[in-house]
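# Coordinates in review
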Amino acid sequence: FVREHFINFSGRSGERNNGFDVLYHNMKHGHLSTKELADFIRERATIEEAYSRSMTKLAKSASNYTQLGTFAPVWDVFKTSTEKLASCHLDLVRRLQELIKEVHKYGDEQIKAYKKTKEEVSGTLEAVQNIQSITQALQKSKENYNTKCVEQERLKKEGATQREVDKAAVKLKKATDTYKLYVEKYAAVKSDFEQKMTETAQKFQDIEETHLLHMKEIIESLSNTIKEIHLHIGEVHEEFINNMTNTTVESLIQKFVESKGTGKERPGPVEFEECNTSSAVEGVKPRKRKPFGLSGIMKKEKDTESVECPDADSVVSRLISNNNT
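Here's what I pulled together on the structure shown here. Everything numeric in this text was worked out from a predicted model, so none of it was measured.

### Remarks on the overall build of the chain
When you go through the chain residue by residue, the secondary structure sums to 9 helices and 0 strands. What you see in the chain, going N to C, is helices and strands ordered as α-α-α-α-α-α-α-α-α. For the chain, buried positions account for 24% of its 325 residues. Split by element, the accessible area of the chain, about 24000 Å² in all, is 55% carbon and sulfur.

The following block contains the structure:
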């Protein structure tokens, strides 16, 4: 039943027997559909490529966000996930481009098949043209016959002369013979047309079935490709969710402490220590003070200091004496 669709549609008794023209152009439209499908897939690939570039740019921007504070490690999670998403979409672009090549290859095969089919159905095209021509002539002869019949009856009713009636009868006979001739011609042409049109309609249906099956295979390949990529995208999202679940508040704080910590040793205790004056004085050189006495006395003191070498006790006594003064 299915394989008789085109045969029933072939226009064997339809208006102007135009089924062949419809089916032939439908075959050519198949190549147009193939081209448009390739354009559609190409546009999808362009969108995916633009999206991949945008995701790559977004991943890079995550590296430029502040690395200060406890939240900083989260940007690494975002960056990694976004890069993987960009890679998934880029992989889809590559696979779509491969699919486009297959569609173009099929389109080239279609053109070759159409040229071959055109040669094979040339006989049917001739049969179509014959029956269209005979149909037109048959219609005109029928109209002429009906006109002559009406004309003869009119003359008889109006009481025309026998000569006029006989003349009309001759014209009617000629119109009748012509009409019968075209009826016979139509019968012969019709038989040839139906045989060739049936074969050609079956050929067109075979071509169309093959075309539609091939187009469905391409679409199935497209669907499977997108489905597979979306599964990978789902895995990336699942990985992102797991990474964020594992990125706990405690772990973020711990990372901050490990990267920014200044040490684990606490400062030791400090106790009050008594001043040890003896040890503080040892090794201290006496400070020269500018006396307010006379220059002679100063000179005497200098001479005395240069000669004497007092011990530590005498130095302390002198310092105390000077301070009291």
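### Re the nonpolar core
In this structure, Ile-41, Leu-96, Ile-218 and Leu-222 are the most contacted members of the largest nonpolar core, which totals 21 residues. Of all the secondary structure elements, the ones that give two or more residues to this core are α2 (19–64), α3 (72–120) and α5 (162–246). Element by element, the count of residues in this core is highest for α3, at 9 residues. When neighbours within four sequence positions are excluded, Ile-41 is seen to be in contact with Leu-96, Leu-99, Ile-100, Val-103, Ile-218 and Leu-222. Counting 14 residues, the second largest nonpolar core, distinct from the first, contains Phe-20, Tyr-24, Val-128 and Ile-131.

### Notes on the environment of Val-103
Examined against the element boundaries, Val-103 turns out to sit in helix α3. The class of Val-103 is buried, set by a relative accessible area of 1%. Separated by 62 residues in sequence, Val-103 and Ile-41 place their C-alpha atoms 9.5 Å apart. Those residues in contact with Val-103, other than ones at most four positions away along the chain, are Thr-34, Ala-38, Ile-41 and Ile-218.

### Focus on the packing of α2 against α5
Taken N-terminus to C-terminus, the directions of α2 and α5 make an angle of 10 degrees; their axes are 10 Å apart at the nearest point. As far as their axial angle goes, α5 and α2 are roughly parallel. Grouping the constituent residues of the contact of α2 with α5 by class yields 15 nonpolar, 8 polar and 2 charged.

### Considering the side chain of Glu-48
Summarising the element assignment, Glu-48 is placed in helix α2. Within the structure, the side chain of Glu-48 is placed 2.5 Å from the side chain of His-89, a separation counted as a polar contact. With sequence-adjacent residues up to four places away left out, Glu-48 is seen in contact with His-89, Leu-92, Val-93 and Leu-96.

### Side note on the environment of Ala-50
As for its placement among the helices and strands, Ala-50 is situated in helix α2. Spatially, the C-alpha atoms of Ala-50 and Leu-90 are 9.2 Å apart, while their sequence positions differ by 40 residues.

Reading the values: the criteria
- Starting from 1, residues in each chain are numbered consecutively following that chain's sequence as written.
- At least 70 in pLDDT is required for a residue's local features to be given in this predicted model, at least 80 for side-chain atom pairs to be given and counted, and no such filter applies to totals for whole chains, interfaces and linings, which use all residues.
- Side-chain descriptors were evaluated using all non-hydrogen atoms of the structure, hydrogens and water having been removed beforehand.
- Secondary structure elements are defined from DSSP: runs of H or I of at least 4 residues count as helices, runs of E of at least 2 residues count as strands, and each element is numbered from the N terminus.
- Summary of the burial criterion: residues with accessible area below 20% of their type's maximum are buried, those above 50% are exposed, and those between are partly exposed, where the area comes from a 1.4 Å probe applied to protein chains only.
- Note on areas: Shrake-Rupley, 1.4 Å probe, and residue coverage restricted to the protein chains presented here.
- The nonpolar core is taken to be a set of buried Ala, Val, Leu, Ile, Met, Phe, Trp, Tyr and Cys residues, with the residues joined through side-chain atoms within 4.5 Å.
- Whether two residues are in contact is decided by their heavy atoms: any pair within 4.5 Å suffices.
- Lines fitted to the C-alpha atoms define the axes, with helices restricted to the stretch that makes contact. Angles between their N-to-C directions range from 0 to 180 degrees.
- Throughout this description, any angle smaller than 35 degrees is read as roughly parallel, any larger than 145 degrees as roughly antiparallel, any in the 65 to 115 degree range as roughly perpendicular, and the remainder as oblique.
- In this classification, Asp, Glu, Lys and Arg are treated as charged, Ala, Val, Leu, Ile, Met, Phe, Trp, Tyr, Cys and Pro as nonpolar, and every other residue, Gly included, as polar.
- Throughout this description, a polar contact denotes any pair of N or O atoms lying within 3.5 Å of each other; where both atoms belong to protein, one of them has to be capable of donating a hydrogen while the other can accept it, and for residues adjacent in sequence the pair is counted only when both atoms sit in side chains.

Distances and angles like these do not, on their own, reveal function.
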